[in-house]
Amino acid sequence: MPTLDVAAIRKDFPILSRKVHGQDLVYLDNAATSQTPLAVIEAITHYYSYYNANIHRGVHSLSQEATDAYEQARIKVQKHFNAVHAYEVILTAGTTHSINIVASGFEALLKAGDELLVSALEHHSNIVPWQMAAEKTGAVLKVIPMLIDGTLDMAAFHAMISPATKLVFCNHVSNALGTVNPIQEIIGAAHAVGAAVLIDGAQAAPHIQADVQALDVDFYVVSAHKICGPTGVGMLYGKEKWLEKLPPYQGGGEMIATVSFEKTTYAGLPHKFEAGTPNISGGIAFGAALDYMHSIGFDKIAAYEQELLVYATKALLGIEGLEIYGTAAEKTAVVSFNIKGLHPYDIGSILDQMGIAVRTGHHCAQPIMDYYSIPGTVRASFSFYNTFEEIDRLVAGVQKAKDMLC
Ligand code: 7TS
């Protein structure tokens, strides 16, 4: 028996009742972006229809209402991730933006020869900003290798980390494979040598409620659009001591205390990192998305998604020639696969004709594809609003694609 009332939940998502190519949509690209419930859509329309105003600057009622709603959303995000202070929560444009803020800030703190450890399982957005920082400072990027099952080689990690290590960055969950990484162990080892840790929680956030205090993590970053929220908004959590140390990322309005042509002083946290008018409705809707997820319950979501994962893995492996990449014991509900001799793009295109949305390609994680010597995979990623019947349609669709292409 499913642990959730999925039929009732699906009614909260208008998009799930649409058709694609004349067939009921089966949306299995949740790792790219999750769908949006009415409560979140309504938070956005309510803002624009009732109290649209710029924040932190007006004495008029609309501006104060908008400011209150935005700051309430920040507190919801703080509570969700259990940050000590609301001002340790920087509202950004998303994970990519959050990582760039930290990486560019570290350019002021790094020197030639400092070592940065990056996991082999990263999304490009947790690789490229650091390469740029390394290039500017002379710091050295070292890669924590991966193993064939899609886990990190932790023995290699422990051998690599040293007092020269200044920062370790790693995702909590791999987007391409679904591997849940041992971040507690990574954080402990990094702190033992005085290094800071940034955890990219973009793929963990829809499934796992991270507690930044329990993890003792220095930076944790997410995008709202993967947790039923809107695009263009996300979180940079940073420990106060680190956010105080990092220089601002952008200059402009909102982030200053005083400005003259001789000297500008910066605002305190969080505004120091929030130059310009932010995505106000997006921030408010981010809070609404967390409320929605909590109304269902993260424990229930995780348990149900694991049932979907087990069911899908078994059913897909029944197709001859199908190989799954990423077989870690601890995984979120992602199945990345190929069929011998077929290109993932061709399988994805045929599935689309059947109304089934999956992602194909390298998933912005080219080093993982290089490791397996493949151009990409077909990735089906599940959410709590998916059903076992939808997985049956996926499996039948993949079988049909194979029959057509082989
Ligand atoms: N980090 C991880 C682990 C991700 O999965 C993604 C997006 C990002 C960072 C970037 O997030 P953004 O919101 O700033 O774009 N991952 C995917 C994906 O797997 N398919 O499409 C986007």
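Notes on the structure follow. Remember, it's a predicted structure, so these values are computed and weren't measured experimentally.

1. Quick look at the site of the ligand
Then comes step 1: Around the ligand, the surrounding shell holds 15 residues, and the nearest of these are Thr96, Asp200, Gln203, Ser223 and Arg359.
Then comes step 2: Contact distances for the ligand include 2.5 Å between an oxygen atom and a side-chain N or O atom of threonine 96.
Then comes step 3: Histidine 123 places a polar side-chain atom, nitrogen or oxygen, 3.5 Å from a nitrogen atom of the ligand.
Then comes step 4: For the ligand, whose accessible area on its own is 490 Å², the fraction buried by protein is 86%.
Then comes step 5: Put simply, the ligand lies in the largest pocket.

2. Let's talk about helix α14 (residues 388–405)
Then comes step 1: Given a rise of 1.5 Å per residue, 18 residues ought to cover 26 Å, and the 26 Å separating the end C-alpha atoms of α14 matches this to within 8%.
Then comes step 2: Taken residue by residue, α14 has Phe388, Glu390, Ile391, Leu394, Val395, Gly397, Val398, Ala401 and Lys402 as its buried positions.

3. So, the nonpolar core
Then comes step 1: With 111 residues, the main nonpolar core has Tyr220, Phe286, Phe382, Phe384 and Leu394 as its most contacted residues.
Then comes step 2: Broken down by element, the residue count for this core peaks at 10 residues, all from helix α10 (residues 280–296).
Then comes step 3: In this structure, phenylalanine 286 is in contact with Val77, Leu91, Val222, Ala224, Ile227, Pro230, Val233, Gly234 and Met235, ignoring residues within four places of it in sequence.
Then comes step 4: Of all hydrophobic cores here, the second largest spans 25 residues; its members include Phe106, Val118, Ile127 and Ala139.

4. Looking at the sheet that holds strand β14 (residues 334–339)
Then comes step 1: Taken in spatial order, the four strands of this open sheet run β13-β14-β17-β16, and their pairing is antiparallel. The outermost strands of the open sheet, each flanked by one partner alone, are β13 (322–325) and β16 (359–361). Neighbour-to-neighbour, the strand axes of this sheet turn through a mean angle of 30°, independent of strand direction.
Then comes step 2: Across three bridges, β16 lies against strand β17 (residues 377–381) in antiparallel orientation. Counterpart to arginine 359 in the pairing with β17 is arginine 379.
Then comes step 3: Sitting on the sheet, helix α11 (residues 298–317) is in contact with β13 and β14, with an inclination near 10° to β14.

5. Let's talk about the sheet that holds strand β4 (residues 89–92)
Hydrogen bonds between backbone groups are what pair the strands of a sheet, and the pairing can be parallel or antiparallel.
Then comes step 1: Read across the sheet, seven strands follow the order β4-β10-β9-β8-β7-β5-β6 without closing on themselves; strand pairing throughout is mixed. At either margin of the open sheet sits one strand with a lone partner, and together these are β4 and β6 (140–144). Taken over all neighbouring pairs, the strand axes of this sheet differ in orientation by 20° on average, direction set aside.
Then comes step 2: Examined bridge by bridge, β4 and strand β10 (residues 234–238) share four bridges and lie antiparallel to one another. The partner of valine 89 across the bridge, within β10, is tyrosine 237.
Then comes step 3: The sheet strands contacting helix α3 (residues 61–81) are β4, β9 (219–223) and β10, and the helix crosses β4 at an angle near 120°.
Then comes step 4: Packed on one face of the sheet, helix α7 (residues 183–192) meets β7 (165–171) and β8 (196–200) and runs near 160° to β8.

6. Some details on unusual backbone geometry
Glycine aside, residues mostly have negative phi, and peptide bonds are mostly found in the trans state.
Then comes step 1: Cis geometry is found at the peptide bond from leucine 269 to proline 270, where omega equals 0°.
Then comes step 2: Take proline 270: it is sitting in the loop between β12 (264–266) and α10.
Then comes step 3: With a phi close to 55°, cysteine 364 is a non-glycine residue in the positive phi region.
Then comes step 4: Positive phi values are uncommon outside glycine, yet serine 373 reaches one of about 55°.
Then comes step 5: Topologically, serine 373 is positioned in the loop between α13 (366–372) and β17.
Then comes step 6: Note on serine 373: relative accessible area 65%, which makes it exposed.

7. Examining empty space enclosed by the protein
Then comes step 1: In total, this model carries two cavities of 30 Å³ or more according to the counting rule given.
Then comes step 2: Quantified by volume, the largest cavity comes out at close to 100 Å³.
Then comes step 3: Taken together, 17 residues line the largest cavity, and the ones lying closest to its centre are Asn30, Pro206, His207, Phe382 and Ser383.
Then comes step 4: A class-by-class count of the residues in the lining of the largest cavity yields nine nonpolar, six polar and two charged.
Then comes step 5: Both domain 1 (6–30 + 297–405) and domain 2 (41–294) contribute no fewer than three residues apiece to the lining of the largest cavity.
Then comes step 6: Volume-wise, the second largest cavity comes out at about 30 Å³.
Then comes step 7: Looking at the second largest cavity, the residues that line it are His97, Ile101, Tyr249, Gln250, Phe273, Glu274 and Ala275.
Then comes step 8: Counted by class, the lining of the second largest cavity contains four nonpolar, two polar and one charged residues.

Reading the values: rules and limits
- Residues numbered from 1 in each chain as written.
- Predicted model: local features only at pLDDT ≥ 70, side-chain atom pairs only at ≥ 80, totals over all residues.
- Heavy atoms only, no water.
- Near = heavy atom within 4 Å.
- Polar contact = N/O pair within 3.5 Å; in protein donor to acceptor, adjacent residues only side chain to side chain.
- Areas by Shrake-Rupley, 256 points an atom, 1.4 Å probe, with all protein chains shown as cover.
- 1 Å grid on protein atoms, 1.4 Å probe; cavity = no way out; pocket = protein on both sides within 12 Å on 5 of 7 lines; lining within 4 Å.
- Sits in = over half its atoms within 2 Å of the grid points.
- Helix = DSSP H or I, 4+ residues; strand = E, 2+ residues; numbered from the N terminus.
- Expected span 1.5 Å × (residues − 1).
- Buried < 20%, exposed > 50% of the residue type's maximum accessible area, 1.4 Å probe, protein only.
- Core = buried A, V, L, I, M, F, W, Y, C linked by side-chain atoms within 4.5 Å.
- Contact = heavy atoms within 4.5 Å.
- Pairing = 2+ DSSP bridges.
- Axes fitted to C-alpha atoms, helices over the stretch in contact; angles between N-to-C directions.
- Points joined across faces, edges and corners; volume = space filled by probe spheres on them.
- Nonpolar A, V, L, I, M, F, W, Y, C, P; charged D, E, K, R; others polar.
- Domains from an automatic or database assignment.

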